[in-house]
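Here are the chains, one letter per residue:
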Amino acid sequence: MTAARLPRVVLRLHRTALIVWTLFVLGAVAFLVWLNEVEADRVQAQTTLCRHASTYCANVFASLDYSSPMGWISSVVYYSFWGVAAWAGAALIGRELESGTAQLAWTQGVSPTRWLATKLALPALALTVGGTLFVFVFRWGWSAHRDLMGDDWTFNDVFAARGPALVAWSLCALAVGTLTALLLRRSLPALAVSVSVMVVLNRYMEKHRTDLWPNTPTDRSRHPASHFWPMNLIETGILLTIAALSTTAAFWSLRRRTA
Amino acid sequence: MTALSVSVNTGHPTSPRLLRWLVRLHRPALWSWLGIVVVLSGALLWLGGPLTDASAAAWRQFNACGMGTCHYDQDSITRYKDAYNYLTYAVLVVPFAVAAWAGGSLVGREMESGTAQLAWTQGVSPTRWLATKLAAPAVLVAAGTGLLALLHHWAWSAGEGRIDTTKPWSSFETFYANGPVPVALALTGLAGGALIGLIARRSLAALVGGLCFTAFAWSATQLAMPHLWPTATSVTSLRHNGPSGAGITLSSGLLTSGGDRIADPYCGSDLSLQCKDLYTSLDAVSFYKDYHPESHFWPLQLMASGVLLVLAALLTLAVFRLLKHRTAS
């Protein structure tokens, strides 16, 4: 295997993961479009009927048919970074170090640094493209039928899925999973540790999101909607910093080991 | 390959030998499991003891307050609530972890690396190998998960009547973490994980398969559970705002004079003229509700656990049959 063919080899090795990710993103996007273009009209007609108290309507909670799948989509796509952490720790890096495939590649004209760079760059590209596509479609869908929804922009999943923080979570999970696998060199322990680290980090961030931007003195308890962008960008910044530090540490530990 | 030296030395390893070999191979998992059970048990004792006491005291302070501002220990209340929620989720996640381990590590990994196949050539019959692999973890999993569910039930009931925001018995997470369902689900996960490990013969694929299988079994349990015991039905006068009866609701609505059941328009009490007219036009005479009251907790839990244990037994049978079929040819 030569260095030039490395990207193709990586793609072939993780073909299943790429297919699963593509179907996952496209499925979520298609579901969003269907909900907003088809289902929303039907639900809207029912809720309009129910608004007149004197007429009998058989489905008072019709708006749930629209709002609950909307909530599910954003939650599932947001928390998919758990899966990214698991995959990066176990399948992308851990398994190859464990089985010796990685070590074999390094003797075949591929430098360890180049191996790791390719292994990180391709998934990072796929995660960024898929995540960005979802964020744009979700922003459109989420604002299309506000009267049918009972949530607001501060909900954990909505907050993340309406900005670059969604992509930052998956990139951070990729980097943390990679570092864990390089340190532990075994797939199953790396999977368990990287998922645990990401879950704890996520719980911590969600609890302290409100501290990311100072509140206006008039209303101490709640952030106005105009704080969405600064808060989302700061969270993105924090996550990308953690991702950059983990990646640096991963390269450093790999170079130290193979030197 | 230290693990194999045991069986290589002796022609026909006895059961204690096999057990020791299993323990040596999965020592990290054994220690992790003991660690998880000890930490969660300690946390549940802490929740049911000091945390509940502090929260109950804060609620007494709060309830003693008049209309004006007053001081009460809000931190104790939120600390109890957070700890309760996290620990309930932790108890519910245990069966998933067991299934992932059973698929990925216990069976999948050994099939992938060939350790299992090697063991079978060393005088260990495949059936014996599998029996040991399933029986020892099953005992530990049942004991550990059972202890956690028991402690969860105890910690939950310690707050009843003392903490104003204690979860009701029928609250989804509380209901499942308070009884034997997590134990049965963990055993089903163990058997299902082992079967998938044997089929997939790859550790990561079997891990994902084990998780998906448990998620499927878990969802099916949730869908079936309310139907596993006959419901109670309450009939309430239209004077009230809606049907009475707290618990797990299956259906509710209006009863017509002919006894038909129709959907509730959620208008409220017929004391309002508008609603009275609406009910008259619908020929409705009362509210009804099919539900499970608190006395159905144990029947529902035991029926759901029973169904899961039957599934676990069938899966175990399938694992043995598949292994026999595979090693015979």
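Residues numbered from 1 in each chain as written. Chains lettered and ligands numbered in written order. Predicted model: local features only at pLDDT ≥ 70, side-chain atom pairs only at ≥ 80, totals over all residues.

An unreviewed UniProt entry annotates chain B as ABC transporter of Streptomyces pseudovenezuelae.

As recorded by an unreviewed UniProt entry, chain A carries the name ABC transporter permease and is attributed to Streptomyces pseudovenezuelae.

Tallying secondary structure elements over chain B gives 11 helices and 4 strands in all. Here chain B has a C-alpha radius of gyration of 26 Å; the compact-globule value for 329 residues is 20 Å, and the former is much larger. Sequence separation of at least 24 residues holds for 79% of the intrachain contacts in chain B that already meet a minimum separation of 6. (Helix = DSSP H or I, 4+ residues; strand = E, 2+ residues; numbered from the N terminus. Rg over C-alpha atoms; globule rule 2.2 N^0.38 Å. Contact = placed C-beta atoms within 7 Å.)

On to the UniProt feature "transmembrane region" (unreviewed entry) in chain B. All names here are of chain B. Sites flagged by UniProt as "transmembrane region" (unreviewed entry) map to residues 30-49, 86-107, 134-155, 175-197, 204-225 and 302-323. Within residues 175-197, the helical portion is 87% and the strand portion 0%, while the C-alpha atoms at the span's ends are 31 Å from each other. As annotated, residues 302-323 has a helix share of 100% and a strand share of 0%, and its two end C-alpha atoms lie 31 Å apart. (UniProt positions renumbered as here; feature names shortened; annotations may be inferred.)

Moving on to the domain arrangement of chain B. Residues and elements named next belong to chain B. By domain assignment, chain B separates into domain 1 (18-226 + 298-326) and domain 2 (232-296). Placing a centre on the C-alpha atoms of domain 1 and another on those of domain 2 gives a separation of 39 Å. Facing the 5 residues of domain 1 at the interface are 6 residues of domain 2. Split into classes, the residues belonging to the side of domain 1 that touches domain 2 amount to 4 nonpolar, 1 polar and no charged. (Domains from an automatic or database assignment. Nonpolar A, V, L, I, M, F, W, Y, C, P; charged D, E, K, R; others polar.)

Sheet strands line up and pair through hydrogen bonds in the backbone, either parallel or antiparallel. On the basis of which strands lie adjacent, the open sheet formed by 4 strands has the order β1-β4-β2-β3 (chain B) and antiparallel pairing. Of all the strands in the sheet, the pair left with one neighbour each is β1 (232-237) and β3 (261-262) of chain B. (Pairing = 2+ DSSP bridges.)

Attention now moves to the environment of Ala168(A). Relative to the elements of secondary structure, Ala168(A) occurs in helix α8 (residues 165-184). Apart from the residues within four sequence positions on either side, Ala168(A) is in contact with Thr236(A), Leu239(A) and Leu240(A).

Residues and elements named next belong to chain A. One can describe the packing of helix α1 (residues 6-13) onto helix α6 (residues 112-144) by two numbers: an axis separation of 10 Å at closest approach and a directional angle of 55°. The angle between the axes of α1 and α6 places the two elements in the oblique class. In this structure, α1 crosses over α6, and the sense of that crossing is right-handed. Contacts from Leu6, Pro7, Val10 and Leu11 of α1 reach α6 at Arg114, Thr118, Lys119 and Leu122. Considering only residue class, the contact of α1 with α6 consists of 5 nonpolar, 1 polar and 2 charged. (Axes fitted to C-alpha atoms, helices over the stretch in contact; angles between N-to-C directions. Parallel < 35°, antiparallel > 145°, perpendicular 65-115°, else oblique. Left-handed = near helix turned anticlockwise from the far one by under 90°.)

Moving on, we come to the confidence of the model for chain A. Of the residues in chain A, 93% have a pLDDT of 70 or more, and the chain-wide mean is 89. Per-element confidence in chain A is highest for α8(A), whose mean pLDDT is 96, and lowest for helix α5 (residues 101-106) of chain A, whose mean pLDDT is 86. (pLDDT = per-residue confidence, 0-100.)

What follows concerns the nonpolar core. If you look at the biggest cluster of nonpolar residues, it comprises 134 residues, and the most contacted ones within it are Ala85(A), Trp169(A), Cys172(A), Ala173(A), Val98(B), Leu190(B) and Ala194(B). Ignoring anything within four residues of it in the chain, the contact list for Trp169(A) reads Phe81(A), Ala160(A) and Leu239(A). By size, the runner-up hydrophobic cluster in this structure holds 10 residues, among which are Leu254(B), Leu255(B), Cys267(B) and Tyr279(B). (Core = buried A, V, L, I, M, F, W, Y, C linked by C-beta atoms within 7 Å. Buried ≥ 20, exposed ≤ 12 C-beta atoms within 10 Å, placed from the backbone.)

Moving on, we come to unusual backbone geometry. Of note in this structure, Arg185(A) is not a glycine but carries a positive phi near 60°. As for its placement among the helices and strands, Arg185(A) is situated in the loop between α8 and α9 (187-208). The phi angle at Arg201(B) is positive, at roughly 55°, despite the residue not being glycine. Following the sequence through the fold, Arg201(B) ends up in the loop between α8 (181-200) and α9 (203-224).

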